[in-house]
Amino acid sequence: MTTSKFLPELEAFQWAGRDVFVIYDSDISQKARVKEAEQKLCSILSERGAETYKVRLPDDNDKVGLDDYLLDHSDDDLFDLLQSTNAASPSYVLPKTLKELMDTDYPPTQWIWEKFILKGEVNLLYANGGVGKSMLALNLAIHCASGLPFLEDTTTSTPVLILFAEDGEAEVNRRAKAIYASIKPVKKPPRKSPDLFGNTSLSDIPALKKNPSIKLWCNPLEGATLATISDTGEITEEPRLHNLRAELKKIGKPAFIILDSLIDLFNMNEILRPPVNSALKKVLGGVNCHAKVPHLGGNLHLKLPHLIC
Amino acid sequence: MARNKNEPDESRYIFSDLAIKKLHSSGVNEKNASQAGMYSVENAKEEVDSEFEARPALVIPYFDIHGKPVQFARGGRQVDFVRVRYLGKAKVKSFIEKKVRRYAQMKGSGVHAYFPKIYDWKDIAQDTEQAILITEGELKALAACCRGYPTIGIGGVDCFVVRQEGNR
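Residues numbered from 1 in each chain as written. Chains lettered and ligands numbered in written order. Predicted model: local features only at pLDDT ≥ 70, side-chain atom pairs only at ≥ 80, totals over all residues. Heavy atoms only, no water.

### Focus: the overall build of chain B
Phase 1: What chain B contains, in helices and strands, is 5 helices and 10 strands.
Phase 2: Split into buried and exposed, the 168 residues of chain B put 47% on the buried side.
Phase 3: Long-range contacts, defined here as pairs at least 24 residues apart, represent 56% of the contacts in chain B between residues at least 6 apart.
Phase 4: As displayed, chain B offers around 9,100 Å² of accessible surface, 46% of which is attributable to carbon and sulfur atoms. (Helix = DSSP H or I, 4+ residues; strand = E, 2+ residues; numbered from the N terminus. Buried < 20%, exposed > 50% of the residue type's maximum accessible area, 1.4 Å probe, protein only. Contact = heavy atoms within 4.5 Å. Areas by Shrake-Rupley, 256 points an atom, 1.4 Å probe, with all protein chains shown as cover.)

This is the structure in structure tokens:
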């Protein structure tokens, strides 16, 4: 791969706050490649804090370079030309003032599980072994799939896809039954009389048990590894990641993905591993993109929340 | 502006007629050209380097911001980097019209910025109050410097970057 680097002798200059006038020949308007180069140069200088100006030399249908211009014009003419040139737009997004930020309306934070699991982000759940991370994740999945509050905080109704790397189907079966047995009827207001509170019928629970919006792999025989991440952060995708993407496409809308547990799912050096969140975003970022929504007939950029246990 | 006080002796302003014509067409006089280290040759192949064509040329040495010659490694030794501007008409033996090369540099000599040696670029590099012009071509840069505008020349439209092979 070929990369380009700003010349070291130009890099040695202090550019921040300096006015830099870039002057190509007058025929630049007819030469796309030259305009592209001019933009690139201005961008490089602008990134380093220079105020850049793209100077246009006047011509009478003849190509005019800076030397030609100076032959026919005085020093003051050049000064006036530079003065009359507007500064180019900076190549990077300028920082906002706090006032601008506060005057802007932003959409509220979206949660999968209010206050704990952000929608569209990688959420990591860390704890010592054996304290119940997997149980919590399964419990949350069951509540999210039905939009039921969990531990008194609301959840967003979302399809769930789970990959348990350590627990087999029998164990997950036992846990799921225990969770369903513990789910208490939820009070919710009747539609027509907001002053009275009624109970949710326990008859909802069987439907919950068959909820097709939860799909899971439990300690799959073919292996659970999604990717191998080297010490330098280089990611090698494994077949299970393709399976995950395939299942997400079938779901066809944003889903809550639970990956349990991190070390089993991603081969990496625990001592030298790169920032976990960053690596996961790289891997799962690919999952976020281009999840197809059939009824819209196109590919949408969908944000998918993930919980890593 | 911090001009270089070590101006050369006028007796050294030795340029061929073709070179003088070229310099004047860019608004540069012999004194400034000599101050910038330029000189002319009748045969660039014989007088500068065997890689060049056997043609008259204006030789343009490059200097860093400290005024020292820019060099590159060739065959285990350091060689001064120069570009040549060929002068006069080239003899082209061909039935097909070929574009005649006007500028040339030695193979593997790299990409460098041109700092006309009539300013103290070391100070300018640090003084951000000092505006800078950047233009394509050494003679254009020198011409603007002679008129009081510190101007850096680049040898081609995108010769402000160096390309590298390999991973980032």
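After that view of the structure, there is still more to cover.
### Some thoughts on the interface of chain A and chain B
Phase 1: Counting residues at the interface gives 42 residues for chain A, matched by 41 residues for chain B.
Phase 2: The contact between chain A and chain B buries some 3,600 Å² in all, and 60% of this surface belongs to carbon and sulfur atoms.
Phase 3: For the pair chain A and chain B, the number of links is 3 salt bridges.
Phase 4: Of the charged contacts, one joins B:Arg147 and A:Asp75 as a salt bridge, the two residues approaching to 2.4 Å between their closest N and O atoms.
Phase 5: At the junction of chain A and chain B, the tally comes to 21 residue pairs in polar contact (both at pLDDT 80 or more).
Phase 6: Across the side of chain A that touches chain B, the residue classes tally to 24 nonpolar, 8 polar and 10 charged. (Buried area = accessible area lost by both parts, 1.4 Å probe. Salt bridge = Lys/Arg side-chain N within 4 Å of Asp/Glu carboxyl O. Polar contact = N/O pair within 3.5 Å; in protein donor to acceptor, adjacent residues only side chain to side chain. Nonpolar A, V, L, I, M, F, W, Y, C, P; charged D, E, K, R; others polar.)

### Brief notes about the sheet that holds strand S6 (residues 103–105) of chain B
Residues and elements named next belong to chain B.
Phase 1: The 4 strands lie next to each other as S1-S2-S5-S6, forming an open sheet whose pairing is antiparallel. Two strands lie at the open edges of the sheet, namely strand S1 (39–41) and S6, each paired on one side alone. Taken over all neighbouring pairs, the strand axes of this sheet differ in orientation by 30 degrees on average, direction set aside.
Phase 2: Sheet analysis places S1 next to strand S2 (residues 57–61), joined by 3 bridges and oriented antiparallel. Bridging from a neighbouring strand, Val41 pairs with Ala57 of S2. (Pairing = 2+ DSSP bridges. Axes fitted to C-alpha atoms, helices over the stretch in contact; angles between N-to-C directions.)

### Describing the packing of aromatic side chains
Phase 1: Under the defined criterion, the tally for this structure stands at 10 aromatic pairs over all chains.
Phase 2: On the numbers, 5.2 Å between centres and 20 degrees between planes, the contact of A:Phe13 with A:Trp15 is stacked.
Phase 3: A residue is classified by how much of its surface remains accessible, and A:Phe13, at 4% relative accessible area, is buried.
Phase 4: On the accessibility criterion, A:Trp15 (3% relative accessible area) is buried.
Phase 5: Pairing B:Phe115 with B:Trp121 gives two aromatic rings, centres 5.5 Å apart and planes at 55 degrees, and the pair type is tilted.
Phase 6: Accessibility expressed as a relative area gives 1% for B:Phe115, which makes it buried.
Phase 7: B:Trp121 gets classed as buried once you look at its relative accessible area, which sits at 1%.
Phase 8: Taken together, the ring pairs connect A:Phe13, A:Trp15, B:Phe115, B:Tyr119 and B:Trp121 into an aromatic cluster.
Phase 9: The ring of A:Trp15 is capped by A:Arg18, whose NZ or CZ atom sits 5.7 Å from the centre of that ring.
Phase 10: The positively charged end of A:Arg240 is found above the aromatic ring belonging to A:Trp217, 5.0 Å away from the centroid. (Phe/Tyr/Trp six-rings, centres within 6.5 Å; stacked < 30°, edge-to-face > 60°. Lys NZ or Arg CZ within 6 Å of the ring centre and 35° of its normal.)

### Some details on the packing of helix H6 (residues 133–146) of chain A against helix H7 (residues 169–182) of chain A
Residues and elements named next belong to chain A.
Phase 1: The geometry of H6 relative to H7 is characterised by a closest axis approach of 10 Å and an angle of 60 degrees between their N-to-C directions. Relative to H7, H6 is oriented oblique. H7 is crossed by H6, and the crossing has right-handed handedness. Residues Ser134, Met135, Leu138, Asn139 and Ile142 of H6 form the contact with H7, whose own contacting residues are Val172, Arg175, Ala176, Ala178, Ile179 and Tyr180.
Phase 2: Grouping the amino acids of the contact of H6 with H7 by side-chain chemistry returns 8 nonpolar, 2 polar and 1 charged. (Parallel < 35°, antiparallel > 145°, perpendicular 65-115°, else oblique. Left-handed = near helix turned anticlockwise from the far one by under 90°.)

### Digging into the side chain of B:Asn43
All names here are of chain B.
Phase 1: Mapped onto the secondary structure, Asn43 falls in the loop between S1 and helix H3 (44–47).
Phase 2: Judged by relative accessible area, Asn43 falls into the buried class, the value being 15%.
Phase 3: In this structure the side chain of Asn43 is engaged in a polar contact, spanning 3.0 Å, whose partner is the backbone nitrogen of Lys45.
Phase 4: Setting aside anything within four residues of it in sequence, one finds Asn43 in contact with Val48, Glu53, Ala54, Arg55 and Pro56.

### Focus on a nonpolar patch on the surface
All names here are of chain A.
Phase 1: Together, Leu98, Leu101, Met102 and Tyr106 make up an exposed nonpolar region whose accessible area comes to about 460 Å².
Phase 2: Along the chain, the position of Met102 falls in helix H5 (residues 98–103).
Phase 3: On the accessibility criterion, Met102 (61% relative accessible area) is exposed. (Patch = residues over 30% accessible without salt bridge, like charges linked within 9 Å, V, L, I, M, F, W, Y side chains within 5 Å.)

### Examining the sheet that holds strand S7 (residues 113–114) of chain B
Phase 1: Overall, mixed pairing links the 5 strands, which are arranged S3(A)-S2(A)-S8(B)-S9(B)-S7(B) in an open sheet. A single partner strand is all that each edge strand has here, and the edge strands are strand S3 (51–55) of chain A together with S7 of chain B.
Phase 2: Sheet topology note: the strand S8 (residues 132–136) of chain B/strand S9 (residues 151–154) of chain B ladder contains 4 bridges and is parallel. Counted as the bridge partner of B:Glu136 is B:Ile154 from S9(B).

### Re the pattern of salt bridges
All names here are of chain A.
Phase 1: Tallying each qualifying case throughout the model produces 22 salt bridges over all chains.
Phase 2: Glu47 serves as the salt-bridge partner of Arg48, at 3.8 Å between the closest nitrogen and oxygen.
Phase 3: The class for Arg48 is partly exposed, based on a relative accessible area of 28%.
Phase 4: Lys115 is paired through a salt bridge with Asp153; the nearest N and O atoms lie 3.4 Å apart.

### Regarding the nonpolar core
Phase 1: The biggest cluster of nonpolar side chains holds 63 residues, and the ones touching the most others in it are A:Phe13, A:Trp15, A:Tyr24, B:Met38, B:Ile152 and B:Phe160.
Phase 2: In this view, B:Met38 contacts B:Phe15, B:Leu23, B:Ala33, B:Leu58, B:Val59, B:Ile60, B:Pro61, B:Tyr114, B:Leu139 and B:Leu142; residues no more than four positions away in its chain are not counted. (Core = buried A, V, L, I, M, F, W, Y, C linked by side-chain atoms within 4.5 Å.)

### Here's the deal with unusual backbone geometry
Phase 1: A positive phi angle is found at A:Lys115, which is not glycine, with a value near 75 degrees.
Phase 2: With respect to the helices and strands, the residue A:Lys115 is situated in the loop between strand S4 (111–113) and strand S5 (117–118).

### Some details on the pairing of S9(B)
Phase 1: Alternating positions in S9(B) separate into two faces, B:Thr151 and B:Gly153 on one and B:Ile152 and B:Ile154 on the other, with burial throughout.
Phase 2: Where the polypeptide runs from S8(B) across helix H5 (residues 138–146) of chain B and back to S9(B), its parallel neighbour, the crossover connection is right-handed. (Right-handed = clockwise from strand over helix to strand, strands pointing away.)

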